Amino acid sequence: MVSIGTNVERCKATLLLSEKHANVWAAVGIHPNNASDAKDEKIRTEIERLAEHARVVAIGETGFDTYWDDETLETQIASFRWQVNLAKRLDKAVILHIRDKDGQEESSLTAINMLKEAQYSKGILHCFNGHKGLLETGLELGWTVSFAGNLTYKKATELHEAAKSVPKERLLIETDSPFLAPVPKRGKKNEPAFVAYTAAFLAELRGESVEEVEAYTDANAIKIYGLPL
Ligand SMILES: [Zn+2]
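What you are looking at is a predicted structure, and each value in this text was computed from that prediction instead of being measured.

Asks: What should I look at first to understand the overall build of the protein chain in this one?
Replies: A count of helical and extended segments in the protein chain gives eight helices and seven strands. Taking 229 residues into account, the globule formula puts the C-alpha radius of gyration at 17 Å, and the protein chain, at 16 Å, falls close to it. Taking the principal axes of the C-alpha coordinates as reference, the protein chain spans close to 50 × 40 × 35 Å. For the protein chain, buried positions account for 46% of its 229 residues. Within the protein chain, contacts between residues at least 6 apart in sequence are counted, and of these 63% link residues at least 24 apart.

Asks: It is not clear to me how the nonpolar core should be interpreted in this structure. Could you clarify?
Replies: Residues A27, V28, A58 and A93 are the most contacted members of the largest nonpolar core, which totals 60 residues. With sequence-adjacent residues up to four places away left out, A27 is seen in contact with V2, I4, G5, V56, V57, A58, I59, G60, E61 and I95.

Asks: What is the right way to look at the packing of helix α4 (residues 106-118) against helix α5 (residues 132-140) in this model?
Replies: Helix-helix packing: each pair is described by the crossing angle between the helix axes and the interaxial distance. For the pair α4 and α5, interaxial distance at closest approach is 9 Å and the crossing angle is 15 degrees. In terms of their interaxial angle, α4 and α5 are classed as roughly parallel. With respect to the hand of their crossing, α4 and α5 are arranged in left-handed fashion. On α5, the residues that touch S108, A111, I112, L115 and K116 of α4 are G133, L134, T137 and G138. Each residue belonging to the contact of α4 with α5 can be placed in one class, and the counts come to four nonpolar, four polar and one charged.

Asks: What is the right way to read the sheet that holds strand β2 (residues 25-28) from this model?
Replies: Hydrogen bonding along the main chain pairs the strands of a sheet, whether they run parallel or antiparallel. Strand order in the open sheet formed by seven strands is β1-β2-β3-β4-β5-β6-β7, and the pairing between neighbours is parallel. Only two strands of the sheet have a single partner each, and these edge strands are β1 (2-4) and β7 (171-173). Across the sheet, the axes of successive neighbouring strands diverge by a mean angle of 30 degrees, strand direction being ignored. In the sheet, strand β5 (residues 123-126) pairs with strand β6 (residues 144-147) via two bridges, with the strands oriented parallel. Opposite I124, over in β6, you have T144 as the bridge partner.

Asks: Which parts of the structure should I look at to understand helix α7 (residues 195-206)?
Replies: Residue pairs spaced three or four apart in an α-helix point in one direction, given the helix's 3.6 residues per turn. Across its twelve residues, α7 extends 17 Å between first and last C-alpha, which sits within 8% of the 16 Å expected from 1.5 Å per residue. Those residues of α7 lying buried are V195, Y197, T198, F201 and L202. The buried side chains of α7 occupy one side of the element, clustering within an arc of 150 degrees when seen end-on. Looking at the packing, one finds that the buried side of α7 touches β6, α6 (157-165), β7 and α8 (210-225). Of the residues flanking the end of α7, it is G207, one or two places downstream, whose phi is positive at about 65 degrees.

Asks: When you look at the pairing of β5 in this model, what are you seeing that I'm missing?
Replies: On a regular strand, one side chain projects to one face of the sheet and the next to the other, so that they alternate. Neither face of β5 is exposed, since G123 and L125 on one face and I124 and H126 on the opposite face are all buried. Note that strand β4 (residues 93-99) and β5 share four bridges and pair parallel. Looking at β5, one finds that L96 is bridged to L125. The parallel pair β5 and β6, bridged by α5, forms a crossover whose chirality is right-handed.

Asks: How should I be thinking about α8 in this particular structure?
Replies: Relative to the 22 Å expected for 16 residues at 1.5 Å per residue, α8 spans 22 Å between its end C-alpha atoms, a close match to the ideal helical length. Positioned one or two residues after α8, G226 has a phi angle of 60 degrees, which is positive.

Asks: In this structure, what is going on with the pairing of strand β3 (residues 56-65)? I would like to understand it.
Replies: Judged by how many residues are buried, β3 sits mostly within the fold: ten of ten residues are covered. Note: β2 against β3, three bridges, orientation parallel. Paired with A27 across the bridge in β3 is A58. Bridging between β3 and β4 involves six bridges; their strand directions are parallel.

Criteria and cut-off values
Residues numbered from 1 in each chain as written. Predicted model: local features only at pLDDT ≥ 70, side-chain atom pairs only at ≥ 80, totals over all residues. Helix = DSSP H or I, 4+ residues; strand = E, 2+ residues; numbered from the N terminus. Rg over C-alpha atoms; globule rule 2.2 N^0.38 Å. Buried ≥ 20, exposed ≤ 12 C-beta atoms within 10 Å, placed from the backbone. Contact = placed C-beta atoms within 7 Å. Core = buried A, V, L, I, M, F, W, Y, C linked by C-beta atoms within 7 Å. Axes fitted to C-alpha atoms, helices over the stretch in contact; angles between N-to-C directions. Parallel < 35°, antiparallel > 145°, perpendicular 65-115°, else oblique. Left-handed = near helix turned anticlockwise from the far one by under 90°. Nonpolar A, V, L, I, M, F, W, Y, C, P; charged D, E, K, R; others polar. Pairing = 2+ DSSP bridges. Expected span 1.5 Å × (residues − 1). Arc of directions from axis to C-beta. Right-handed = clockwise from strand over helix to strand, strands pointing away.

Remember, this is a structural readout, not a statement about activity or role.
This is how it looks when you write it as structure tokens:
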């Protein structure tokens, strides 16, 4: 499991979990909805210090969220640039969060521009939103695409199409716990074990066996996070 911190306090908590449990690794960074934190040099220094920890396998999640409007895009872009540079310096994966307002695509379009600017292939489109242009750019630049529990939702046809088209060596699944519990647990508090439902759905969708999906998503995670397994 990779557990993600969204601010300094939570990054420290997730790092403690990763020290305590052999099968938990950590990602540290500043979530786009807290992007102002990254303006503070002390906070940046603290995250940079935590990021060097051996149990930290990724930087983030960073990215662009215009759904909540908690931070301006300008602030989110500055925070992204700092975090992607940190990931590059430490040769760790960067985890990208993208959330648009319903019916809009400002976050996705910003992500496309920023991916092109970053030119860093060790990245994960986390909880992928199904945006066609972003998928195309991400795949072109070598990114990995991660689907969460909402893949299993009946009306998520864009996600279904996307999940069918991603090459198997670029696919990941995730929980996004405690959010987006997959069917048949939809509406409940999500937990990591439920990722099995997402795996089963993905297998059915792609006409593959669950064992095959499990094997290649495991292998992809081990590779992109550099897990010592
Ligand atoms: Zn996210």
